[in-house]
Amino acid sequence: MSAPSAERNQMEQLRELQNRSMELRRHLTQLSGQVDAAAHERQALERTLKELSGMKPETETYKVIGKMFLLQSQAELSAQVTAELAEAVSSVESRLKLRSQFVEKLKENESEIEELVSSFTAQK
């Protein structure tokens, strides 16, 4: 293999690694936004559940559905909020796990870029 051809292949590998790195960073940014949104939703649900637990059982409670309010018993509403809270916690945990996997992939990709660049400089 000639030197220019090998250099061209290395440059192509470098471009591919850089593109993959940009894609991973984009996904990390999206996941961070999703984690923040899910954490915010979890906090709101926790506050709602706390407020519901402080009310008398006979208090009329309403659930917002679009532009309407639906009368529900406090027990039903608490059960729904508890289920939504469990789902939000699960969502945050799964997204955090996924984000850590993306961070690891990004680190691996960055080390591959460093190795390729160091092999470039060693050849010259």
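These figures come from a predicted structure and were not determined experimentally. (Residues numbered from 1 in each chain as written. Predicted model: local features only at pLDDT ≥ 70, side-chain atom pairs only at ≥ 80, totals over all residues. Heavy atoms only, no water.)

Trainee: Lay out the packing of aromatic side chains in plain terms, naming residues and giving numbers.
Mentor: Scanning the entire structure with this criterion turns up 0 aromatic pairs. A cation over a ring is seen here: Lys105 above Phe102, with NZ or CZ 5.5 Å from the ring centre. (Phe/Tyr/Trp six-rings, centres within 6.5 Å; stacked < 30°, edge-to-face > 60°. Lys NZ or Arg CZ within 6 Å of the ring centre and 35° of its normal.)

Trainee: So what's going on with a negative patch on the surface? Which residues, and what values?
Mentor: Among the surface-exposed residues, Glu104, Glu108, Glu112, Glu114 and Glu115 lie close enough to one another that they form a single negatively charged patch. Along the chain, Glu114 turns up in helix α2 (residues 74–123). Given the relative accessible area of 56%, Glu114 is considered exposed. (Patch = residues over 30% accessible without salt bridge, like charges linked within 9 Å, V, L, I, M, F, W, Y side chains within 5 Å. Areas by Shrake-Rupley, 256 points an atom, 1.4 Å probe, with all protein chains shown as cover. Salt bridge = Lys/Arg side-chain N within 4 Å of Asp/Glu carboxyl O. Lys, Arg positive; Asp, Glu negative; His and termini not counted. Charge placed at Lys NZ, Arg CZ, Asp CG, Glu CD. Helix = DSSP H or I, 4+ residues; strand = E, 2+ residues; numbered from the N terminus. Buried < 20%, exposed > 50% of the residue type's maximum accessible area, 1.4 Å probe, protein only.)

Trainee: How would you summarise the nonpolar core if you had to cite specific residues and measurements?
Mentor: If you look at soluble globular proteins, the nonpolar side chains tend to sit buried side by side. Formed by Leu45, Leu52, Leu77, Val81, Leu85 and Ala88, the largest nonpolar core amounts to 6 residues. Non-local contacts of Val81, meaning those with residues more than four positions away in its chain, are made with Leu45, Thr48, Leu49 and Leu52. (Core = buried A, V, L, I, M, F, W, Y, C linked by side-chain atoms within 4.5 Å. Contact = heavy atoms within 4.5 Å.)

Trainee: Break down a nonpolar patch on the surface for me, with residues and values.
Mentor: Together, Tyr62, Val64, Phe69 and Leu71 make up a nonpolar patch on the protein surface, roughly 440 Å² of accessible area in all. Here Tyr62 is to be found in strand β1 (residues 61–65).

Trainee: Any chance you could break down the environment of Arg42 for me, citing the residues and the numbers?
Mentor: For Arg42, the position within the fold is in helix α1 (residues 3–53). Residue class for Arg42 comes out partly exposed when judged on its relative accessible area of 23%. Sequence-wise, Arg42 and Ala86 are 44 residues apart; in three dimensions their C-alpha atoms are separated by 8.6 Å.

Trainee: How would you explain the pattern of salt bridges if you had to name every residue and give the values?
Mentor: Counting across every chain of the model gives 5 salt bridges. Measuring nitrogen to oxygen at the nearest pair gives 2.4 Å for the salt bridge that ties Glu23 to Arg26. Taken as a pair, Glu23 and Arg26 lie in helix α1 at a separation of 3 residues, close to a single helical turn. Under the relative-accessibility criterion, Arg26 is labelled partly exposed at 39%. With its nearest N and O atoms 3.4 Å apart, the salt bridge here joins Arg42 to Glu46. Placement of both Arg42 and Glu46 in helix α1 is noted, with a separation of 4 residues, approximately one turn of the helix.

Trainee: Residues and numbers for the pairing of β1, please.
Mentor: Note: β1 against strand β2 (residues 68–72), 5 bridges, orientation antiparallel. The residue of β2 that forms the bridge with Ile65 is Met68. Here β1 folds back onto β2 in antiparallel fashion, the turn holding 2 residues, of which Gly66 has a positive phi close to 65°. (Pairing = 2+ DSSP bridges.)

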